[in-house]
2 protein chains.
Amino acid sequence: MFYIGVNFDITNISAAVVDENRNIIAKESVPTLRHRKLEVIIADMAALVEKTAKKAGLDLEKDINHVGIGCYGSINRKTGVLVYSSYFGLRNIPLIDEIKKFIKIPVFIENDANCYALAESRMGATKGLKNSVLVTIGTAISGGIIVRGEIYHGAFYGAGEFGHHVVVLDGEKCECGRNGCWAAYASSTALVRDARIAAIRHPESKMFEMVNGDVRLMSYKIPFEAAMEDDVYAKDIVYKYARYIALGLINIINILQPDAIAIGGKMFRKNEGFLDVVSKLVSDKTFGQKDTKILLAEMDYDGVLIGASMLEK
Amino acid sequence: MFYIGVNFDITNISAAVVDENRNIIAKESVPTLRHRKLEVIIADMAALVEKTAKKAGLDLEKDINHVGIGCYGSINRKTGVLVYSSYFGLRNIPLIDEIKKFIKIPVFIENDANCYALAESRMGATKGLKNSVLVTIGTAISGGIIVRGEIYHGAFYGAGEFGHHVVVLDGEKCECGRNGCWAAYASSTALVRDARIAAIRHPESKMFEMVNGDVRLMSYKIPFEAAMEDDVYAKDIVYKYARYIALGLINIINILQPDAIAIGGKMFRKNEGFLDVVSKLVSDKTFGQKDTKILLAEMDYDGVLIGASMLEK
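Residues numbered from 1 in each chain as written. Chains lettered and ligands numbered in written order. Predicted model: local features only at pLDDT ≥ 70, side-chain atom pairs only at ≥ 80, totals over all residues. Heavy atoms only, no water.

Undergrad: Got a minute to help me understand the overall build of chain A in this structure?
TA: Assigned secondary structure in chain A consists of twelve helices and 13 strands. Relative to the compact-globule value of 20 Å for 313 residues, chain A shows a C-alpha radius of gyration of 20 Å, a close match. C-alpha extents for chain A along the principal axes are approximately 65 × 45 × 35 Å. Here chain A, with 313 residues, has 58% of them falling under the buried criterion. In chain A, 38 positive and 38 negative side-chain charges are present, and the distance between their average locations comes to 3 Å. (Helix = DSSP H or I, 4+ residues; strand = E, 2+ residues; numbered from the N terminus. Rg over C-alpha atoms; globule rule 2.2 N^0.38 Å. Buried < 20%, exposed > 50% of the residue type's maximum accessible area, 1.4 Å probe, protein only. Lys, Arg positive; Asp, Glu negative; His and termini not counted. Charge placed at Lys NZ, Arg CZ, Asp CG, Glu CD.)

Set out below in structure tokens:
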């Protein structure tokens, strides 16, 4: 038997056919073009699912057990309603009903980060652990919580919004409307902001040189690269950034104390030593005597596809 | 059948005999005198248990199904080991083995706040809710998490340390050794600190008058009383304090999104309107569209006794 996992992201929709061991057999994607009408986007998604099945040499209705969709936003797993999605600007959309107009086999839908967390806990970095957390750190921060081997949803399917817990009272403005959220310090967007400020303040910095004096060109990679070349300003920024990340992770540990936290996102994969720096800062400061492990997520964004394919009801 | 619940607190040890509906039939307590040897304290506790059974006209070994103990600190529920207790200054004490030397019927042990959370979720403010949190706000902050109707312990039995999540980077020193923890802003100890500072800065304040100029006499009650008498400084302090409490509650909601948070502690019970102020601040700022309810815990400290009596294995 085969399964299809879909990652319904704000920039792309991806679909993968997986086998019973969750090996990816075929994968396809299309741009989301999210400003179009939802019906049109959903029609594209359904066509993508069909196309991916065909690419794997399979018949959607005969060979695929079910389609699981990981979607950005708060999803009511039971009703298939998209409760809230800030990026899509949607509230209370019966997404599953829309999708069922096109796809005639069982379809399940779940928050994308929850899918990723599920996949990591079944097959990845947190495999076999009872209680774990997945945090993805990129332009935004998202997260999923696994309790006793299952996704923990919270009352209104919005648990795991780790990025929006305040760590600096009256601090930096956050895109959510509050101030001082962890995401406003620990996302790569925050790193870019701080690197821009440092480059402007210190034109002698390698970061300034690397963007040819145009800080609009700053990316999260630049402070890491400049730090590797021993630029003091970049080293300072990257170390502070590691402290901000550690701060939120420690908070998660003091509240949830999971067996492990898996961290996803390109930045960590591409800067190998960085996880160790963060991890050291965490274990120095954790309340209590033993440490929740801080691990690199193993699955990359395929985690959403694989986790989505694992949805069962 | 009857049960005994014990609250092993840092100042007192209490015991209660409860019936099957968890009505308290008899209650007794003794001072903990915690600087004595643990064996001596445990012997006192065992005598207290015996005495409480007698007071209820019952025979401990014949009529009591089991004794449940709610204890300050991280408790390994399975092994009965006290993993860590900062106030008792203890680590890795096989508490259950010590107790079993004296008590010959089944004994179970659990963190006190977890017992309280369990009691509230079975019979109190959060009755029947799937996922709930109990937070007690007093001189310190403690908490318990109920997930799917059961206590959530975390990897090393230390989950729910809500008081020690940082809300103000590099903020006020916390007794845990870190800076800026929620407890350093939202405990009654923090309120007393801030009221002392305000009284010193503003001798024209009613708070200064109420302590006759001796700020050592400040208690958490004074800013509340002065605020009721329209003292601007006290009103400012109390409102800021409400904001600090709300800040941490919002963080808990954005991470765990429980169905409800029950708040325990004398301060909330004795200042009726205060919960509404905090609750309003929380619902104004919660991420997402629906609100986790903020409720007054119903059980007072009997919650620990009742919850302890409910421990089953």
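Undergrad: Help me out: how do you make sense of the side chain of Asn 251 of chain A in this one?
TA: Mapped onto the fold, Asn 251 of chain A is located in helix H9 (residues 232–256). Relative accessible area serves as the criterion here: at 0%, Asn 251 of chain A is assigned to the buried category. Filtering out sequence-adjacent residues up to four positions away, Asn 251 of chain A remains in contact with His 165 and Val 167 of chain A together with His 164, His 165, Val 166 and Arg 178 of chain B. (Contact = heavy atoms within 4.5 Å.)

Undergrad: How should I be thinking about the interface of chain A and chain B in this particular structure?
TA: It is common to give the size of an interface as the accessible area lost on bringing the parts into contact. The interface is formed by 48 residues belonging to chain A together with 48 residues belonging to chain B. Viewed at the interface, chain B and chain A are joined by two salt bridges. As a salt-bridge pair, Arg 243 of chain B and Asp 170 of chain A come within 3.3 Å of each other at their nearest N and O atoms. The interface formed by chain A and chain B contains 30 residue pairs in polar contact (both at pLDDT 80 or more). Top element by residues in the side of chain A that touches chain B is H9 of chain A. It accounts for eight residues. Here the residues of the side of chain A that touches chain B sort into 23 nonpolar, 14 polar and eleven charged. (Salt bridge = Lys/Arg side-chain N within 4 Å of Asp/Glu carboxyl O. Polar contact = N/O pair within 3.5 Å; in protein donor to acceptor, adjacent residues only side chain to side chain. Nonpolar A, V, L, I, M, F, W, Y, C, P; charged D, E, K, R; others polar.)

Undergrad: Would you mind going over the sheet that holds strand S5 (residues 74–76) of chain B with me for this structure?
TA: Strand pairs in the sheet, formed through backbone hydrogen bonds, run parallel or antiparallel to each other. Residue and element names in this part refer to chain B. Across the sheet, three strands lie side by side as S5-S6-S7; this open sheet has antiparallel pairing. The open sheet terminates on both sides in strands that have one partner only, identified here as S5 and strand S7 (90–93). Across the sheet, the mean angle separating the axes of adjacent strands is 15° when strand polarity is ignored. In this structure, S5 lies alongside strand S6 (residues 81–85), joined through three bridges in antiparallel fashion. Bridge assignment links Ile 75 to a residue of S6, and that residue is Leu 82. (Pairing = 2+ DSSP bridges. Axes fitted to C-alpha atoms, helices over the stretch in contact; angles between N-to-C directions.)

Undergrad: Looking at this model, I keep getting lost on the side chain of Ser 309 of chain A. Mind explaining?
TA: All names here are of chain A. Note on placement: Ser 309 falls in helix H12 (residues 302–309). When its relative accessible area of 0% is taken as the criterion, Ser 309 is described as buried. From its side chain, Ser 309 meets the backbone oxygen of Ile 306 in a polar contact 2.7 Å long. For Ser 309, the contacting residues outside a window of four places in its chain are Tyr 3, Ile 4, Gly 5, Val 18, Arg 22 and His 66.

Undergrad: Where do I start with the relation of the copies chain A and chain B in this structure?
TA: You can overlay chain A on chain B at an RMSD of 0.0 Å; the transform is a turn of 180° with a shift of 0.0 Å along its axis. Taken together, the rotation angle and the small translation identify this as a two-fold axis. Most of the interface of chain A is mirrored in chain B, where 100% of its interface residues are also at the interface. (Least-squares fit on C-alpha atoms with pLDDT ≥ 70 in both.)

Undergrad: Any chance you could explain the packing of aromatic side chains here in plain terms?
TA: For any pair of aromatic rings, the description rests on two quantities: the centre-to-centre distance and the angle between the ring planes. Scanning the entire structure with this criterion turns up eight aromatic pairs over all chains. Their ring planes at 10° and their centres at 5.9 Å tell us that Tyr 241 of chain B and Phe 274 of chain B sit as a pair that is stacked. Note that Tyr 241 of chain B is positioned in helix H9 (residues 232–256) and Phe 274 of chain B in helix H11 (residues 272–285), a separation of 33 residues in sequence. Grouping residues by exposure puts Tyr 241 of chain B and Phe 274 of chain B together as buried. Judged by its relative accessible area of 5%, Phe 274 of chain B falls in the buried class. In this structure an aromatic cluster arises from ring pairing among Phe 224, Tyr 241, Phe 268 and Phe 274 of chain A. One cation-aromatic arrangement involves Arg 22 of chain A over Tyr 3 of chain A; the distance from NZ or CZ to the ring centre is 4.1 Å. (Phe/Tyr/Trp six-rings, centres within 6.5 Å; stacked < 30°, edge-to-face > 60°. Lys NZ or Arg CZ within 6 Å of the ring centre and 35° of its normal.)

Undergrad: So what exactly am I meant to see when it comes to the confidence of the model for chain A here?
TA: The predicted structure's coordinates, where accompanied by low pLDDT, should not be read in detail. In this model, chain A carries a mean pLDDT of 94, and residues with pLDDT of at least 70 account for 98%. Two summary scores accompany this predicted model of the complex, namely pTM at 0.93 and ipTM at 0.91. (pLDDT = per-residue confidence, 0-100.)

Undergrad: In this structure, what is going on with the pairing of strand S1 (residues 2–8) of chain B? I would like to understand it.
TA: Two faces belong to every sheet, and in a regular strand the side chains alternate between them. All names here are of chain B. Counting buried positions along S1 gives six out of seven residues, so the element sits mostly inside the fold. With six bridges joining them, S1 and strand S4 (residues 64–71) adopt parallel strand pairing. Note that in S4 the partner of Asn 7 across the bridge is Gly 70. Bridge analysis of S1 against strand S2 (residues 12–18) gives six bridges, and the strand direction is antiparallel. Residue Asn 7 lies in a different strand from S2, and its bridge partner there is Ser 14. As consecutive antiparallel partners, S1 and S2 are separated by three residues.

Undergrad: Mind showing me how you'd approach the environment of Gly 273 of chain B here?
TA: Inspection of the secondary structure puts Gly 273 of chain B in helix H11. Distance from Gly 273 of chain B to Ser 205 of chain B, taken between C-alpha atoms, is 22 Å for residues 68 residues apart in sequence.

Undergrad: Explanation requested: the state of the cysteines in the structure shown.
TA: Should the sulfur atoms of two cysteines be covalently bonded, the bond is a disulfide. All names here are of chain B. Enumeration over the complete set of coordinates arrives at zero disulfides over all chains. Looking at the unpaired Cys 181, the closest cysteine sulfur is the one in Cys 176, lying at 3.7 Å. Residue Cys 181 is classed as buried on the basis of its relative accessible area of 0%. (Disulfide = S-S within 2.5 Å.)

Undergrad: Explain the sheet that holds strand S9 (residues 132–137) of chain A here, please?
TA: Residue and element names in this part refer to chain A. Reading across from one edge, S11-S10-S9-S12-S13 is the order of the five strands in this open sheet, with mixed pairing throughout. At either end of the open sheet lies a strand with only one pairing partner, and these are strand S11 (150–151) and strand S13 (293–296). The sheet contact formed by strand S12 (residues 260–264) and S13 spans four bridges and is parallel. Within S13, the position partnered with Ile 263 by the bridge is Leu 296. Packing against the sheet, helix H11 (residues 272–285) makes contact with S12 and S13, and its axis sits at approximately 165° to S13.

Undergrad: Explain the pattern of salt bridges here, please?
TA: Two side chains bearing opposite charge may form a pair once their charged atoms approach each other closely. Residue and element names in this part refer to chain A. By the definition in use, this model includes 26 salt bridges over all chains. Close ionic contact of Arg 193 with Glu 172 constitutes a salt bridge, the shortest N to O distance being 3.7 Å. Placement of the pair is Arg 193 in helix H6 (residues 188–201) and Glu 172 in the loop between S11 and helix H5 (183–186), with a sequence separation of 21 residues. Three or more residues joined by partner-sharing salt bridges are found here, namely Glu 28, Lys 51 and Lys 55.

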